[in-house]
Amino acid sequence: MNTGKTNDEYFMKRCLKLAAKGRGMVNPNPMVGAVIVKNNRIIGEGWHKKYGGAHAEVNAIGSAVESVEGATIYCSLEPCCHYKKQTPPCVPLIITSKIKKVVVASLDPNPEVNGLGIRQLRDAGIEVEFGLLEDEAKELNKFYFKYVTEKIPYVTLKIAQSLDGKISIARNKQTWLTGEKARRFVHQQRAIHDAVLVGTNTVKVDNPLLNVRDVKGRNPYRIILDGNLTVPVKSKIFKPDDVEKTWIITSTNADESKVKRIEKTGAKVFLLPPNANGKLSLKRVLKLLAKEKITSLFVEGGQDIFSQFISQKYFDEIMILQSPLILGKGINSVSLKGKIKLTIKNSKKLGEDLLITLIPNN
């Protein structure tokens, strides 16, 4: 088998596939995969399996079936080189293992790394290449990149709507619009995002659990944006076994007795000062969540919440779950004064429904 770019891409694609196995398990750290190749054969591979656990490069070297001296290691992200974390850096291990070459898909945007890992490897006489399948690597770790570079979570809006743009037939009436495959997709998204966010009215009308049921995966944190603290304490959101993952974000003007009643359920209440218009600042909300190590946020409604995130441009993707149904009347998915231009990232069918993913125009 001839060596060259084609094989380099094959090995790097294997890295990305391995890295994805850590999805939802390593946050707020990135997903990373590593493959060790010698004489054009894979002799070791690994990925970052869980937060606080060994890194991909360590697992790959540890799994090698023969000496890694003189081998090439492919990494989906630049190997780390700093000690400000729970595990030792990977660069010194690569150097002492006498690996000859390192191929990296993407630099790590963390300022503690960001090219320093590559510099240390080169200073040790190791050949380094980077940029192979860089776009794919950045897409894989889009949550991490946003979190590290902008200090706020990656925000995905999920809007299930009818063909005429309605999310409900009436303001206080729960309306099911999408089918089984679309609902399973939503649960998959909940499992890979750190947190799900809804407004108070969604809790009052739908009384949702906001957990993961139709697929395997972790439950996200459940964030209720409730400036006036009117959420019913009897809601299902306060009754799961992991109720400590239910967070209420409300105003510093909220009723203290209501705050105490909610905290007695085991849920957590965060108090933020309101804006001049009496509403909570989305910027403050997102910074608060980032401080709590929430790297990704899946926003599920309702109209007022969607409209705030879109009008203030605090979103990275909008996932439209388009049902083949015309309601004829009801509540619009968003209510905006101005025009916002978006770009279609991709689309696909989910049973009878259509998923359209949109991103802001650059």
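Conventions used here
Residues numbered from 1 in each chain as written. Predicted model: local features only at pLDDT ≥ 70, side-chain atom pairs only at ≥ 80, totals over all residues. Heavy atoms only, no water. 1 Å grid on protein atoms, 1.4 Å probe; cavity = no way out; pocket = protein on both sides within 12 Å on 5 of 7 lines; lining within 4 Å. Points joined across faces, edges and corners; volume = space filled by probe spheres on them. Helix = DSSP H or I, 4+ residues; strand = E, 2+ residues; numbered from the N terminus. Nonpolar A, V, L, I, M, F, W, Y, C, P; charged D, E, K, R; others polar. Buried < 20%, exposed > 50% of the residue type's maximum accessible area, 1.4 Å probe, protein only. Pairing = 2+ DSSP bridges. Phe/Tyr/Trp six-rings, centres within 6.5 Å; stacked < 30°, edge-to-face > 60°. Lys NZ or Arg CZ within 6 Å of the ring centre and 35° of its normal.

Chemist: Can you tell me about the layout of surface pockets, naming the residues and giving the values?
Modeler: When its volume is computed, the largest pocket comes out at roughly 1,200 Å³. As for the largest pocket, its lining consists of 47 residues, and the residues nearest its centre are Thr 202, Asp 206, Glu 300, Gly 301 and Gly 302. For the lining of the largest pocket, the secondary-structure elements that each account for two or more residues are strand S6 (154–161), strand S7 (166–168), helix H7 (180–192), helix H8 (200–206), strand S12 (296–301) and helix H11 (303–311). Residue classes in the lining of the largest pocket are distributed as 16 nonpolar, 18 polar and 13 charged.

Chemist: Go over H11, please, and point to the residues and values.
Modeler: Turn by turn, an α-helix covers 3.6 residues, leaving residues three or four places apart pointing in a common direction. Most of H11 is tucked away: 7 of the 9 residues are buried. Burial in H11 covers these residues: Gln 303, Ile 305, Phe 306, Ser 307, Gln 308, Phe 309 and Ile 310. Looking at the residues trailing H11, positive phi occurs at Lys 313, about 60 degrees.

Chemist: I'd love a proper account of the pairing of strand S15 (residues 342–350), names of residues and values included.
Modeler: Looking at chain direction, S15 and strand S16 (residues 353–360) are connected through 8 bridges and run antiparallel. Residue pairing across strands places Lys 349 opposite Leu 354, the latter belonging to S16. The hairpin formed by S15 and S16 contains 2 residues between the paired strands, and Gly 351 there has a positive phi angle of roughly 65 degrees.

Chemist: Go over the packing of aromatic side chains, please, and point to the residues and values.
Modeler: Counted under the stated rule, the structure contains 6 aromatic pairs. Where Tyr 10 meets Phe 11, the ring centres are 5.5 Å apart and the plane angle is 70 degrees; that geometry is what we call edge-to-face. Residue classification places Phe 11 among the buried positions, given a relative accessible area of 3%. Between Phe 143 and Tyr 154 the ring centres are 5.2 Å apart and the planes differ by 50 degrees, which places this aromatic pair in the tilted class. Residue Phe 143 is located in helix H6 (residues 142–150), and its partner Tyr 154 is located in strand S6; the two are separated by 11 residues in the primary sequence. On the accessibility criterion, Phe 143 (11% relative accessible area) is buried. In this structure Tyr 154 comes out as buried when scored by relative accessible area, which is 8%. Through a chain of ring-to-ring contacts, three or more aromatic side chains come together here, namely Tyr 10, Phe 11 and Tyr 74. One Lys or Arg, Lys 21, reaches over the ring of Trp 47 and ends 4.5 Å from the middle of that ring. If you follow Lys 49 out to its NZ or CZ, it ends over the ring of Trp 47, 4.8 Å from the centre.

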